[in-house]
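# Results of the structural survey
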Amino acid sequence: MDKFANQFFSMRMMAFAMIIFFVAIGGATLLESTYDTQTSKLYIYNATWFNLLLTYLALNLIANIIRHRMFQLKKWATLLFHISFIVILIGAAVTRFSSFEGMMLIPEGSSSDFLYSSNPNVSYRITDKKVQLTNDIPVYMSELDWWNGFDNSENFPGRKGEILFEYVDFHKNMIDSVVTHDSIKESSIELVHLGESKFISQNGFLTLEGIAFSFDKKNAMPGVELFKTGNKFQMKVAMPGSTSLPMATLQAADRTTGVPDSLYQPIPVDTLVSLQMSTLYKVGETQFVFKGLKKNTKMMRIQSDVKDEGLDDLEVKVTHDGKSKIVTLTGGNNSIPSPTMFELNGLFYDMTYGPKIIDLPFKVGCDDFRLERYPGSNVASSYESDLEIIDDQRNYNRKQTVFMNNVMDYRGYRFFQSSYFPDEKGTKLSVNYDSLGTNITYLGYLLMALGMIVSLFMKNGRMRELIRKLEKNHDRKVKLQDATLAIALLFSVSVFGQTQPTDEDHSGHDHSQHDHSEHDQSDMEPPI
């Protein structure tokens, strides 16, 4: 056992684990740039194997502390380095499992006490109109669908059998497209809502401003039910106070005084009434106009060729007491999801795929939002929000302006200026909650810096040893330079001595003994 432990927590295994770690980090960056953040989290950052790898690195550091007896005074610098890495890994674990991020949307002049999470969830609400059951399941989906999948089960009070939720399929960047073709047997009703055409296929439904619309659908969710009987169309509404108004009456009304309330015709609740074209209907706060029926037409979801355009579709199979239904949840990581409502085995379901709602223990208000543009351009140069913290629990209020690089902190939450509403009448704040994990990580960095300082002053520290080696190398280098310089000087003096001219002294030398007549006379003739 000891032999296995020594091998498992050896420096060789530590180096091998570090290589895997660096390769994984590089792979996560590649996956994020090629696909999206969800893919990198699904396969690496939030994967079980990566968490086990980080745990192994921390345990290996602890084993090395014990094996090399780093609690000795002379090894304090090395001990601090090891402990700092362990603390940083602990801080990362706390951040991974206890922190969260999200987006807060606040219109001008109002406040909010919740945010939308940055991580996608499958959320559902199940009710029999007496009892309600809700839950949120974190899920990560990717186009690279090797690891896609989830399942969950619930027991509804008073009902036999489990309710099972199972993964079926996933499609990314899907957009709505109206397809008309002779091969399509269905017909679709066209409604005009807020100036845009909305289509409902037979036995289908859609949601407009939280109200469910259906067309020839059995057991439809309460809302607005549309039917076709022969060549006539009928409607049944479940909301009291619904009205209708012919467009001709609306156009003839005095623009200054508006339409008198007496011209609005009330729509009885849960009663079939005729559905007329060129009529403005109002159900709750939702207004729409029935435009007509399109034959051989169906709303279909197709994948967009543009990256990050459209929403994601998650297909889920819901099974209860032997009955099953496959539903498509439309949403995604960075969108406010639209609910998918249906009925199964006497229970009504409201399911979404996307960010979940996280409640805050206080409110954040937006008093004003300001945006500036570059001269002669519509491009935003800067924008800022005047925010107010409203904490009734602690009887605390504070105002602060938030803009780029100016963050608001309160009770562990950090608020960053992220974006703004399309009409520029509201702010979007990025929110981060990670006070504990961040503080633990900062403590690890502090210990690492302290280890660096200690290593500079410890007598037997690694840094002092390196300095001594550098000094020895420096001394050797100086001696080598001195020797080289001496040799060079000696060599230059020798060469200099050989190249100088010599003046001979002829005093005391008798020239009479020499016969100069033998010299060539031509040598003595001056040159012409």
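Relevant structure appears above.
Below is a summary of the structure that appears in this document.

Definitions and limits used
Residues numbered from 1 in each chain as written. Predicted model: local features only at pLDDT ≥ 70, side-chain atom pairs only at ≥ 80, totals over all residues. Heavy atoms only, no water. Salt bridge = Lys/Arg side-chain N within 4 Å of Asp/Glu carboxyl O. Helix = DSSP H or I, 4+ residues; strand = E, 2+ residues; numbered from the N terminus. Phe/Tyr/Trp six-rings, centres within 6.5 Å; stacked < 30°, edge-to-face > 60°. Expected span 1.5 Å × (residues − 1). Buried < 20%, exposed > 50% of the residue type's maximum accessible area, 1.4 Å probe, protein only. Pairing = 2+ DSSP bridges. Axes fitted to C-alpha atoms, helices over the stretch in contact; angles between N-to-C directions. Parallel < 35°, antiparallel > 145°, perpendicular 65-115°, else oblique. Left-handed = near helix turned anticlockwise from the far one by under 90°. Nonpolar A, V, L, I, M, F, W, Y, C, P; charged D, E, K, R; others polar. Polar contact = N/O pair within 3.5 Å; in protein donor to acceptor, adjacent residues only side chain to side chain. Contact = heavy atoms within 4.5 Å. Patch = residues over 30% accessible without salt bridge, like charges linked within 9 Å, V, L, I, M, F, W, Y side chains within 5 Å. Areas by Shrake-Rupley, 256 points an atom, 1.4 Å probe, with all protein chains shown as cover.

## Quick word on the pattern of salt bridges
Counted according to the given criterion, the structure contains 15 salt bridges. For Asp391, the salt bridge identified is with Arg411, shortest N-O distance 2.8 Å. Of the two residues, Asp391 sits in strand β22 (residues 380-391) while Arg411 sits in the loop between β24 (408-410) and β25 (413-420), which places them 20 residues apart along the sequence. Two residues, Arg414 and Asp409, come together in a salt bridge whose shortest N-O distance is 2.5 Å.

## Quick word on the packing of aromatic side chains
Counted under the stated rule, the structure contains 28 aromatic pairs. Summarising the aromatic geometry, the rings of Phe21 and Phe22 are spaced 5.6 Å apart at their centres and angled 65° between planes, so their arrangement reads as edge-to-face. Aromatic rings pair up to connect Phe100, Phe362, Tyr396, Tyr410, Tyr413, Phe415 and Tyr433 into one cluster.

## Overview of helix α2 (residues 11-34)
Helix length check: α2 (24 residues) gives 34 Å between terminal C-alpha atoms against 34 Å at 1.5 Å per residue, within 8%. Among the residues of α2, Met14, Ala17, Ala24, Ala28 and Leu31 are the ones counted as buried.

## Quick notes on the sheet that holds strand β12 (residues 243-246)
One open sheet holds the six strands; their spatial order is β7-β6-β16-β15-β12-β13, and the pairing between them is antiparallel. Since the sheet does not close on itself, it has two edges, and those belong to β7 (196-201) and β13 (265-266), each with one partner. With four bridges connecting them, strand β15 (residues 279-283) and strand β16 (residues 286-294) associate as antiparallel partners. In the strand pairing of β16, Leu280 is matched with Val289.

## Regarding unusual backbone geometry
Here the phi dihedral of Ser278 falls at roughly 55°; this positive angle occurs in a residue that is not glycine. Here Ser278 lies in the loop between β14 (273-274) and β15. Positive phi values are uncommon outside glycine, yet Glu424 reaches one of about 60°.

## Side note on the packing of helix α5 (residues 76-98) against helix α7 (residues 435-457)
Close contact between α5 and α7 brings their axes to 8 Å; oriented N to C, the two are set at 170°. Between α5 and α7, the interaxial angle falls into the category roughly antiparallel. For the crossing formed where α5 meets α7, the hand is left-handed. Looking at the contact of α5 with α7, its residues break down into 19 nonpolar, nine polar and no charged.

## Let's talk about the sheet that holds strand β11 (residues 232-237)
Overall, mixed pairing links the five strands, which are arranged β8-β9-β10-β11-β14 in an open sheet. Either end of the sheet is taken by a strand with one partner, and the two such strands are β8 (204-208) and β14. Summarising the sheet, β11 and β14 pair through two bridges and their orientation is antiparallel. What sits directly across from Gln234, in β14, is Ser274.

## A closer look at the side chain of Ser188
For Ser188, the location among the structural elements is in strand β6 (residues 188-193). Side-chain polar atoms of Ser188 contact the backbone oxygen of Thr297, separated by 2.7 Å. Contacts of Ser188, omitting those with residues within four sequence positions, involve Phe199, Ile200, Ser201, Gly292, Leu293, Lys294, Thr297, Lys298 and Met299.

## Brief notes about the packing of helix α4 (residues 48-67) against α5
Two numbers describe how α4 lies on α5: the axes approach to 10 Å, and their chain directions differ by 155°. If you check the angle between α4 and α5, you find them roughly antiparallel. For the pair α4 and α5, the sense of crossing is left-handed. In this structure, α4 contributes Asn51, Leu54, Leu57, Ala58, Leu61, Ile62, Asn64 and Ile65 to the contact, and α5 contributes Leu79, His82, Ile83, Phe85, Ile86, Leu89, Arg96 and Phe97.

## Re a nonpolar patch on the surface
There is a patch of nonpolar side chains on the surface, built from Phe16, Ile20, Trp49, Trp146 and Trp147 and spanning about 600 Å² of accessible area. Considering the arrangement of structural elements, one finds Trp49 in helix α4.

## Quick look at the pairing of strand β26 (residues 426-433)
When strand β1 (residues 100-107) meets β26, the two strands line up antiparallel, connected through eight bridges. Counted as the bridge partner of Glu101 is Asn432 from β26. Pairing between β25 and β26: seven bridges, direction antiparallel. Bridge pairing in β26 places Arg414 opposite Asn432.

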